[in-house]
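Structure at a glance
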Amino acid sequence: MLFKHVPTKCIPVSPFKTVDFVYRAVPGPSISPDSFLPSFVDKSRRNKTENLEMLFQTVKDEKECEDFSCSVYLDLNIMLSNIYGSVIAKKRPFLAQGILNDSKGIADQPDSDLHINYYLEDYENKNPYDDFIIIGLLEDHLK
């Protein structure tokens, strides 16, 4: 797999695979490729950065690896407790459920909060938006 916008140092050596659903907060109300932008791309679009390739080259040695991934969670309740009420939840109030697709990206091992960094091979041409569906608003799934 050749990664277009992921520094080599960030590509997991031992990829995580699961057949379980994963969850992601998305802008909604429908799902689109823009729902699965790596963090640094999402931030650059909000800041209207013109040259993404130059930005990638500039930040790849300075940024943490998670800036080059899409965040997903294995556990819905943990995800909601971590993000509900945050800026993320306000910008992305809808909940998407889907699968990790190893033909589109590679996942890192889950952390203690069951958060997963999902590194996409090419977020433009191999975007995983069609592997996910909207299952409602975040607030509809609070217990």
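Let me sum up the structure you'll find in this document.

Observations regarding the packing of aromatic side chains
Any two aromatic rings considered together are summarised by their centre-to-centre distance and by the angle between their planes. One pass over the full model with this rule turns up one aromatic pair. Considering the side-chain rings of Phe36 and Phe132, the 4.7 Å spacing of their centres and the 45 degrees angle between planes classify their relative orientation as tilted. Of the two residues, Phe36 is situated in the loop between strand E1 (22–26) and helix H1 (39–46) and Phe132 in strand E6 (residues 132–137); the sequence distance between them amounts to 96 residues. For the pair Phe36 and Phe132, one class covers both residues: buried. The ring centre of Phe36 lies 5.3 Å from the NZ or CZ of Arg24, which sits over that ring.

What to know about the state of the cysteines
One pass over the structure, following the stated rule, counts one disulfide. Shown here is the disulfide that connects Cys10 with Cys65, its sulfur atoms set 2.2 Å apart. Residues Cys10 and Cys65 are joined through a disulfide that is left-handed, its torsion about the S-S bond being -80 degrees. Of this pair, Cys10 sits in the segment before E1 while Cys65 sits in the loop between helix H2 (52–59) and strand E2 (70–73), placing them 55 residues apart in sequence. Take Cys10: its relative accessible area is 4%, and that puts it in the buried class.

Some thoughts on the nonpolar core
Ranked by internal contacts, the top residues of the largest apolar core, which has 24 residues, are Val72, Leu100, Ile116 and Tyr119. Within the residue set of this core, elements represented by two or more residues are E1, H1, E2, strand E3 (94–98), strand E4 (105–107) and strand E5 (115–120). Ranked by residues supplied to this core, first place goes to E5 with four residues. Excluding anything up to four places from it in sequence, Tyr119 contacts Phe3, Val6, Cys10, Pro12, Cys65, Glu66, Phe68, Ser69, Lys104, Gly105, Ile106 and Asp108. Grouped together as the second largest cluster of nonpolar side chains are 10 residues, Tyr23, Leu76, Ile83 and Leu138 included.

Regarding the pattern of salt bridges
Considering all chains together, one arrives at five salt bridges under this definition. In this structure, the salt-bridge partner of Asp102 is Lys17, at a minimum N-O distance of 2.9 Å. Placement of the pair is Asp102 in the loop between E3 and E4 and Lys17 in the segment before E1, with a sequence separation of 85 residues. The burial state of Asp102 is the same as that of Lys17; both residues are exposed. A salt bridge links Lys126 to Glu121, with the shortest nitrogen-to-oxygen separation between them at 2.9 Å. Linked by salt bridges that have partners in common, Lys104, Asp130 and Asp131 make up one network.

Quick notes on the pairing of E5
Each regular strand displays side chains that alternate between the two surfaces of the sheet. In terms of residue burial, E5 counts as a mostly covered element, since six of its six residues are buried. With four bridges connecting them, E2 and E5 associate as antiparallel partners. The residue bridging Val72 from the neighbouring strand is Ile116, located in E5. Bridge analysis of E4 against E5 gives three bridges, and the strand direction is antiparallel. In the strand pairing of E5, Ile106 is matched with Tyr119.

Conventions we followed
- Residues numbered from 1 in each chain as written.
- Predicted model: local features only at pLDDT ≥ 70, side-chain atom pairs only at ≥ 80, totals over all residues.
- Heavy atoms only, no water.
- Phe/Tyr/Trp six-rings, centres within 6.5 Å; stacked < 30°, edge-to-face > 60°.
- Helix = DSSP H or I, 4+ residues; strand = E, 2+ residues; numbered from the N terminus.
- Buried < 20%, exposed > 50% of the residue type's maximum accessible area, 1.4 Å probe, protein only.
- Lys NZ or Arg CZ within 6 Å of the ring centre and 35° of its normal.
- Disulfide = S-S within 2.5 Å.
- Core = buried A, V, L, I, M, F, W, Y, C linked by side-chain atoms within 4.5 Å.
- Contact = heavy atoms within 4.5 Å.
- Salt bridge = Lys/Arg side-chain N within 4 Å of Asp/Glu carboxyl O.
- Pairing = 2+ DSSP bridges.

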